[in-house]
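# Summary of the model geometry
Here is what each chain is made of, one letter per residue.
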Amino acid sequence: MRTLFKNLKQEQLHTTSSFAHGEVLPVTQVPIKEFSQKKWEDGYGLLLNLDEDTIYSPVNGEITAISANGNAYRIMSEEGLDIYIHLGVDTEDLDRTYFPIKCAVGKKVSMGEAIGGIQLKRLYAAHKCPVSYLLFLSGEEVRLREHHSMVGPDYTDFFWCARTEKLI
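Residues numbered from 1 in each chain as written. Predicted model: local features only at pLDDT ≥ 70, side-chain atom pairs only at ≥ 80, totals over all residues. Heavy atoms only, no water.

### Here we look at the side chain of T91
Counted only if it meets this: Strands here mean DSSP runs of E at least two residues long; helices mean DSSP runs of H or I at least four residues long; both are numbered from the N terminus. For this analysis, a polar contact is any N or O atom pair within 3.5 Å, provided that within protein one partner can donate a hydrogen and the other can accept it, and provided that sequence-adjacent residues contribute only side-chain to side-chain pairs. Note on contacts: a residue pair is in contact if any heavy atoms of the two residues lie within 4.5 Å.
Tracing the backbone shows T91 in the loop between β7 (82-86) and β8 (108-109). At a separation of 2.8 Å, a polar atom in the side chain of T91 contacts the main-chain carbonyl oxygen of L87. With sequence-adjacent residues up to four places away left out, T91 is seen in contact with N69, N71, H86, F99, L123 and K128.

Here it is as structure tokens:
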């Protein structure tokens, strides 16, 4: 009887919000080869709205890492989601003034709480791509419900992510 259920799996659905205001892009359209080909993990991209400059926590959790210049964040959700947010493409060479940080490593954050910022007009002036992205490093699969829709931190229904686990 045990072999009948050997491949039985359970999907755990997780609710998160958008990390910024912008237009949703499938991760396959993020202009970084490693992400668009899903060589790392699954996620989604955002073409950030030029009139908004705040970055928000997409989950209730804890900030576990922030890059030195503030262009990347890692958050561990209360549900065990390991989330990586990267602001812009090839922005590692920009200094911290482009990415104001509004939190610290170890800080407990709530979904929708401001954690940082991005100076988009300066990013454009530096000839950097404003597409930013979120990856689930804990292995969740992302399915977008609405492609190319405008979202913000109060919007939680444009995708769902699920972690599939073997029950047996």
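Next, the rest of the story.
### Topic: the packing of aromatic side chains
What counts here: Side-chain rings of Phe, Tyr and Trp (the six-membered ring for Trp) are treated as a pair once their centres are within 6.5 Å; stacked means planes under 30 degrees apart, edge-to-face means over 60, and tilted covers the remaining angles. Burial here depends on accessible area, computed with a 1.4 Å probe over protein chains only, as a share of the maximum for the residue type. Under 20% is buried, over 50% is exposed, and the range in between is partly exposed.
One pass over the full model with this rule turns up two aromatic pairs. With centroids separated by 5.9 Å and ring planes inclined at 35°, the aromatic side chains of F19 and Y44 adopt a geometry described as tilted. Of this pair, F19 sits in the loop between β1 (9-14) and β2 (22-26) while Y44 is found in strand β3 (residues 43-48), placing the two residues 25 residues apart along the sequence. In terms of burial, F19 and Y44 fall into one category: buried. A ring pair is formed by Y98 and F99, whose centres lie 6.3 Å apart and whose planes are at 40°; its orientation type is tilted. Summarising the burial analysis for this pair, Y98 and F99 share the class buried.

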